[in-house]
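Below are the chains, spelled out letter by letter.
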Protein chains: 2
Amino acid sequence: MKKHKFNLDPPKLLVLGFAAVILIGALLLTLPVATEDGKGLSFINALFTATSATCVTGLVVVDTGDTFTMFGELVILSLIQIGGLGFMTFATFLFLLLGKRISLKDRLLLKEAVNHLSIAGVVRLVKRILLFTALIEMAGGIILSIRFSLDMPIGKAIYYGFFHAISNFNNAGFDLMGNFQSLTSYVGDPTVVLTISALITLGGLGFLVMNDLYEYRETRRLSLHSKVVIYTTLMLTIGAAIFIFLFEFGNVKTIEPLSIQGKVLGSLFQAVTPRTAGANTLPIGDLTHSTLFLTIILMFIGAGSGSTAGGIKITTLAVLAAAVWTQIRGKEDVVLFRRKIVMETILKALTVTVIGLFIVVTVTMILSITDRGHNFIMYLFEATSAFGTVGLSMGLTPELSLMGRIIIILTMFAGRVGPLTIALAITMRRKRDAFHYPEGKIMIG
Amino acid sequence: MKKHKFNLDPPKLLVLGFAAVILIGALLLTLPVATEDGKGLSFINALFTATSATCVTGLVVVDTGDTFTMFGELVILSLIQIGGLGFMTFATFLFLLLGKRISLKDRLLLKEAVNHLSIAGVVRLVKRILLFTALIEMAGGIILSIRFSLDMPIGKAIYYGFFHAISNFNNAGFDLMGNFQSLTSYVGDPTVVLTISALITLGGLGFLVMNDLYEYRETRRLSLHSKVVIYTTLMLTIGAAIFIFLFEFGNVKTIEPLSIQGKVLGSLFQAVTPRTAGANTLPIGDLTHSTLFLTIILMFIGAGSGSTAGGIKITTLAVLAAAVWTQIRGKEDVVLFRRKIVMETILKALTVTVIGLFIVVTVTMILSITDRGHNFIMYLFEATSAFGTVGLSMGLTPELSLMGRIIIILTMFAGRVGPLTIALAITMRRKRDAFHYPEGKIMIG
Ligand SMILES: [K+]
Ligand SMILES: [K+]
């Protein structure tokens, strides 16, 4: 019953803000001027597309390049930029605000994560967020434009270059290539594969990490958060690429016909895109079950906190892995890079993971009922892709029933705002218990 | 470099003991007298069958009733009884021993779990374990014998009655019905379904819970451990039965043709058997994807610690669920039944779960490579069934390649001894860290 009725919870503000952007985007996409057939999109498909773009997911019920006019495409691109940039800025702000709020209460939980970023430096941070985004998207756009100009007229090449640079830096997964083919025609092209891989990976680090890297020249040190994000990103990407290379080596429908360079580039991109970009150079439906299952796991994990990427986040994975490793070694403290991880952080990571698993399992079950007749892995893949805001699909998306579309819209939304709002809500609501029960013992294993 | 060379770690003793029993059983099953064709089983199939029986799993590469002579069947039944009873006794002893060992070191971690069971009372405990087993198997055997005598000669009925009572109390999943049909012909039979459900559920509680219940007349109280096991068992069984009833209601290949009573009994049994019995009254391969996925989750969870059942155990699930629920509610202490759960227990539960997930994921991937050409869910189902020592199969087991058989043998073994040995090793090896790193902060979500 507060007097300040505009004093919304930050999590609520995030949810309502995203919902408003999606609704405006959806209405714009129903306009006749948005589609090439001059009829506009049906509301459900417009809502699906706007949600997918704003949540930087990339699942599509209609092919972006084939369906939309340039107006429609620019609406989508705007939603991607607002969704990606807005989320990162919002998340970064909130971590700062909570850091302040908590330190005022004499609790230092989030302080080091945002160590050298004082509240006074927030304006500088926003400028820097815009600067990083502009610089990286510009660099990527120019490289891709030059590359695409070999295949198409220069004007179209520049448009395509920047569209795909923005889409991929924001981990959005939308493309203009037509016929749901994504980037499959560039599977062995080092310029496209490496540029887009770099855009995806940078976007997935998150701004605090980019900022840490930017200030490294002066500070000569990285925060624990940045070390964990960078190290885990490298490990997961290289590890996954090696496994995918082995799994697909003999698969005639994917990398078997390619040269060694093509095989490596194809495997690398398939390792990068599940976290959580959504463009693909290999035909997803033709991958081996091993690669598909690995992709599902990578999609669930996602990339960095407060980044353009989705999933439960690699810091969450790293904290849980460190906790398990500590147990196996019989140690007491959970340690990452010579820093003790407090129990509150481990419980937060557990909570985000369990709720994520619950959402994916529930959506998979619902899809298998609303959209019968497909292989089980297609449901699991689609549910994880939506939750992780990835955008990869084995081909189920355009065939989804009305109920299936609604379910996936809700999942994309939950996947984008869910992990952050859960983690924030936990941090904000945590308080000392008024009394404590005596300890009880229970057997495990 | 200890002098006492027979002073094995309890976990090592468990592993070596099980391996020895399996090997002896496998050799017996290769004897010509073991099979009806007079040739004996091939070594790999004998090893598979002996592992499945000793680990009370129930996955079979050859049909038990069709393949084996009564000698072979009695070897299997002996392995089941040794494996089930031996594991329970061993686990209970170890919890007691560790409770003593730790309390001597002034650490009370396991004490309440084994509260009123002093070391002096161990002989009484063993007698009680044997008494419970004999009484329950006897009661089940008599009821089933009477029921089967309506369908077959009295001698065979008694043999079948006791074989299935022993197999199901030990959660072993072996049956003599022939043609891999398990109990499908009794789907709507209340006597068979309810008797075997009771045997499975009692076996899955574990001896400490049974003992608690037995002493309830005097003590008028249940330990925390028993409360959690009983409450979670009820919740999971009833909840799963309702969902399976809904998922299968319109499935013409499963419960749709049955009467309402048949539908309820079929759903109930399909909710009971994944934890982790392995007999089935519904054709597993014909279940809906929703039911199959739910079954996979139930198989992974399993039943009580120190019971005849497998899986990560319901106490593990309950502790993690309580930890997540505490976070969501913004509370500090993780509480179950008015008792605080210490962090060490939560971390142990996390470790057992993560290692279990890792095993299931890895085995699923390997199976999809060694045994190509099946639906993905068949690999996931088979891997979880083996890890959880469940024994349900969508039909993959008899078709497994040589490599596939070896993988499943290893998984069954890991699934049986793994969770307990991990939990024990963690408990035994835990020590204070010599020094502590400063706390580090990291973002989650
Ligand atoms: K995406
Ligand atoms: K079993």
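The name an unreviewed UniProt entry assigns to chain A is ATP synthase subunit J, from the organism Cytobacillus solani. Recorded under Subcellular location (unreviewed entry), the UniProt text for chain A is reproduced unchanged: "Cell membrane".

## Considering the overall build of chain A
When helices and strands are tallied, chain A shows 16 helices and three strands. On C-alpha atoms alone, chain A measures out to a radius of gyration of 22 Å, which is about the 22 Å that the 2.2 N^0.38 rule sets for 445 residues. The dimensions of chain A, computed from C-alpha atoms along their principal axes, are 65 × 55 × 50 Å. Residues classed as buried in chain A amount to 61% of the 445 residues present. Sequence separation of at least 24 residues holds for 71% of the intrachain contacts in chain A that already meet a minimum separation of 6. Accessible surface, chain A: about 17,200 Å² in total, of which carbon and sulfur atoms supply 68%. Averaging the locations of the 37 positively and 26 negatively charged side chains of chain A gives two centres separated by 13 Å.

## Some thoughts on the pattern of salt bridges
All told, the structure shown has eight salt bridges over all chains when counted by the stated rule. With its nearest N and O atoms 2.6 Å apart, the salt bridge here joins Arg 128 of chain A to Glu 215 of chain A. Linking Arg 128 of chain A in helix α5 (residues 122-148) with Glu 215 of chain A in the loop between α8 (207-214) and α9 (216-219), this pair joins segments that are 87 residues apart in sequence. Each member of the pair, Arg 128 of chain A as well as Glu 215 of chain A, carries the same accessibility label: buried. Across the pair Asp 333 of chain B and Lys 340 of chain B runs a salt bridge, and its minimum N-O distance is 3.8 Å. With relative accessibility at 8%, the residue Asp 333 of chain B sits in the buried group. Connected through shared salt-bridge partners, Arg 147, Asp 151 and Asp 189 of chain A make up one network.

## Some details on the packing of helix α1 (residues 10-29) of chain B against helix α2 (residues 43-54) of chain B
All names here are of chain B. The geometry of α1 relative to α2 is characterised by a closest axis approach of 8 Å and an angle of 130° between their N-to-C directions. On the basis of their axis angle, the class for α1 and α2 is oblique. Remark: the crossing between α1 and α2 carries right-handed chirality. Counted together, Phe 18, Val 21, Ile 22, Leu 23, Gly 25, Ala 26, Leu 27 and Leu 29 of α1 and Phe 43, Ala 46, Leu 47, Thr 49, Ala 50, Thr 51 and Thr 54 of α2 form the full contact between these two elements. Split into classes, the residues belonging to the contact of α1 with α2 amount to 11 nonpolar, four polar and no charged.

## A short note on the sheet that holds strand β1 (residues 335-336) of chain B
Pairing within the open sheet is mixed, and its three strands lie in the order β3(A)-β2(B)-β1(B). What marks the edges here is a single partner per strand, and that holds for β3 (439-440) of chain A together with β1 of chain B. As judged from the two bridges shared by β3 of chain A and strand β2 (residues 339-341) of chain B, these two strands associate in the parallel manner. By the bridge assignment, Glu 439 of chain A is partnered in β2 of chain B with Lys 340 of chain B.

## A word on the coordination of the potassium ion (ligand 1)
All names here are of chain A. Protein-derived ligands of the potassium ion (ligand 1) are Val 56 (O), Thr 57 (O), Asn 171 (O), Thr 276 (O), Ala 277 (O), Thr 389 (O) and Val 390 (O), with the metal-ligand distances lying across 2.3 to 2.7 Å. Each donor residue of the potassium ion (ligand 1) lies on one chain, and together they are spaced V-T-x113-N-x104-T-A-x111-T-V. Placement of Asn 171 in the loop between α6 (154-169) and α7 (190-205) and of Thr 389 in the loop between α15 (376-387) and α16 (402-429) is noted, with a sequence separation of 218 residues between them. Judged by its relative accessible area of 0%, Thr 389 is buried.

## Some thoughts on a positive patch on the surface
A surface patch of positive charge is lined by Arg 329 and Lys 331 of chain A together with Arg 429 and Lys 431 of chain B. Of note, Arg 329 of chain A is situated in the loop between α13 (314-328) and β1 (335-336).

## Considering the coordination of the potassium ion (ligand 2)
In ideal tetrahedral geometry, four donors around a metal make angles of 109.5 degrees, whereas ideal octahedral geometry with six donors gives angles of 90 or 180 degrees. All names here are of chain B. Protein ligation of the potassium ion (ligand 2) involves Val 56 (O), Thr 57 (O), Asn 171 (O), Thr 276 (O), Ala 277 (O), Thr 389 (O) and Val 390 (O), the donor distances falling in the range 2.4 to 2.7 Å. Here the donor residues for the potassium ion (ligand 2) map to a single chain with the spacing V-T-x113-N-x104-T-A-x111-T-V. Each member of the pair, Thr 389 as well as Val 390, carries the same accessibility label: buried.

## Points about the packing of α13 of chain A against helix α14 (residues 343-370) of chain A
Residues and elements named next belong to chain A. Contact pair α13 / α14: the axes reach a minimum separation of 9 Å and the direction vectors enclose 115°. Along this stretch, α13 crosses α14, giving a crossing that reads as left-handed. Along its contact with α13, which presents Thr 316, Val 319, Leu 320 and Ala 323, the element α14 presents Thr 345, Ile 346, Ala 349, Leu 350 and Thr 353. Residue composition of the contact of α13 with α14, grouped by class: six nonpolar, three polar and no charged.

## A closer look at the interface of chain B and chain A
The interface is formed by 85 residues belonging to chain B together with 85 residues belonging to chain A. When chain B packs against chain A, close to 7,600 Å² is buried across both sides, 67% of that on carbon and sulfur atoms. Inspection of the region where chain B meets chain A yields zero salt bridges. Counting every contact that joins chain B to chain A gives four residue pairs in polar contact (both at pLDDT 80 or more). Tallying contributions element by element places helix α14 (residues 343-370) of chain B first for the side of chain B that touches chain A, with 17 residues. Here the residues of the side of chain B that touches chain A are counted per class, giving 46 nonpolar, 19 polar and 20 charged.

## Description of the confidence of the model for chain A
All names here are of chain A. With 92% of its residues at a pLDDT of 70 or more, chain A has an overall mean of 87. The low-confidence segment residues 1-6 (pLDDT under 50) makes one contact with residues lying over four places distant or belonging to another chain. A low-confidence stretch, residues 101-117 stays under pLDDT 50, and its non-local contacts, those more than four residues away or across chains, total 47 contacts.

## Some thoughts on the environment of Ile 377 of chain A
Relative to the helices and strands, Ile 377 of chain A resides in helix α15. Judged by its relative accessible area of 2%, Ile 377 of chain A is buried. Note: C-alpha distance between Ile 377 of chain A and Thr 254 of chain A (123 residues apart in sequence) is 18 Å. Setting aside chain neighbours within four positions, we find Ile 377 of chain A in contact with His 289, Leu 292, Ile 296 and Met 394 of chain A together with Phe 376 of chain B.

## Considerations on a nonpolar patch on the surface
Residues and elements named next belong to chain A. On the surface, a nonpolar cluster with roughly 400 Å² of combined accessible area is contributed by Ile 24, Leu 28, Leu 31, Val 33 and Phe 71. Position of Val 33 among the secondary structure elements: in the loop between α1 (10-29) and α2 (43-54). A relative accessible area of 47% places Val 33 in the partly exposed class.

## Focus: the relation of the copies chain B and chain A
Relative to chain A, chain B is turned by 180° and slid 0.0 Å along the rotation axis, the superposed coordinates differing by an RMSD of 0.0 Å. Taken together, the rotation and translation relating the two chain copies correspond to the operation of a two-fold axis. By residue overlap, the copies meet face to face through one surface: 100% of the interface positions of chain B are interface positions in chain A.

## Observations regarding the nonpolar core
Ranked by size, the top nonpolar core spans 274 residues in total, and within it Phe 148 and Leu 336 of chain A together with Phe 148 and Leu 336 of chain B carry the most contacts. What Phe 148 of chain A contacts, discounting residues up to four positions off in sequence, is Ala 157, Tyr 160, Gly 161, His 164, Met 177, Tyr 186 and Val 192 of chain A.

## Examining the side chain of Ser 385 of chain B
You can see Ser 385 of chain B is positioned in helix α15 (residues 376-387). Among the polar contacts made by the side chain of Ser 385 of chain B, one reaches the main-chain amide nitrogen of Gly 391 of chain B at a distance of 2.9 Å.

## Structural notes on the sheet that holds strand β3 (residues 439-440) of chain B
Pairing is mixed across the open sheet formed by three strands, whose spatial order is β1(A)-β2(A)-β3(B). Strands at the two margins of the open sheet, each flanked by one partner only, are β1 of chain A together with β3 of chain B. Relative to strand β2 (residues 339-341) of chain A, β1 of chain A is paired through two bridges, and the arrangement is antiparallel. Of the residues in β2 of chain A, the one forming a bridge with Val 335 of chain A is Lys 340 of chain A.

## A look at the environment of Lys 313 of chain A
Along the chain, Lys 313 of chain A falls in the loop between α12 (289-301) and α13. Contacts of Lys 313 of chain A, omitting those with residues within four sequence positions, involve Ile 301, Ala 303, Gly 304, Ser 305 and Pro 419 of chain A together with Gly 445 of chain B. Side-chain polar atoms of Lys 313 of chain A contact the backbone oxygen of Gly 311 of chain A, separated by 2.9 Å.

What counts and how
Residues numbered from 1 in each chain as written. Chains lettered and ligands numbered in written order. Predicted model: local features only at pLDDT ≥ 70, side-chain atom pairs only at ≥ 80, totals over all residues. Heavy atoms only, no water. UniProt positions renumbered as here; feature names shortened; annotations may be inferred. Helix = DSSP H or I, 4+ residues; strand = E, 2+ residues; numbered from the N terminus. Rg over C-alpha atoms; globule rule 2.2 N^0.38 Å. Buried < 20%, exposed > 50% of the residue type's maximum accessible area, 1.4 Å probe, protein only. Contact = heavy atoms within 4.5 Å. Areas by Shrake-Rupley, 256 points an atom, 1.4 Å probe, with all protein chains shown as cover. Lys, Arg positive; Asp, Glu negative; His and termini not counted. Charge placed at Lys NZ, Arg CZ, Asp CG, Glu CD. Salt bridge = Lys/Arg side-chain N within 4 Å of Asp/Glu carboxyl O. Axes fitted to C-alpha atoms, helices over the stretch in contact; angles between N-to-C directions. Parallel < 35°, antiparallel > 145°, perpendicular 65-115°, else oblique. Left-handed = near helix turned anticlockwise from the far one by under 90°. Nonpolar A, V, L, I, M, F, W, Y, C, P; charged D, E, K, R; others polar. Pairing = 2+ DSSP bridges. Donors = N, O, S within 2.8 Å, 3.2 Å for Na, K, Ca; no water. Patch = residues over 30% accessible without salt bridge, like charges linked within 9 Å, V, L, I, M, F, W, Y side chains within 5 Å. Buried area = accessible area lost by both parts, 1.4 Å probe. Polar contact = N/O pair within 3.5 Å; in protein donor to acceptor, adjacent residues only side chain to side chain. pLDDT = per-residue confidence, 0-100. Least-squares fit on C-alpha atoms with pLDDT ≥ 70 in both. Core = buried A, V, L, I, M, F, W, Y, C linked by side-chain atoms within 4.5 Å.

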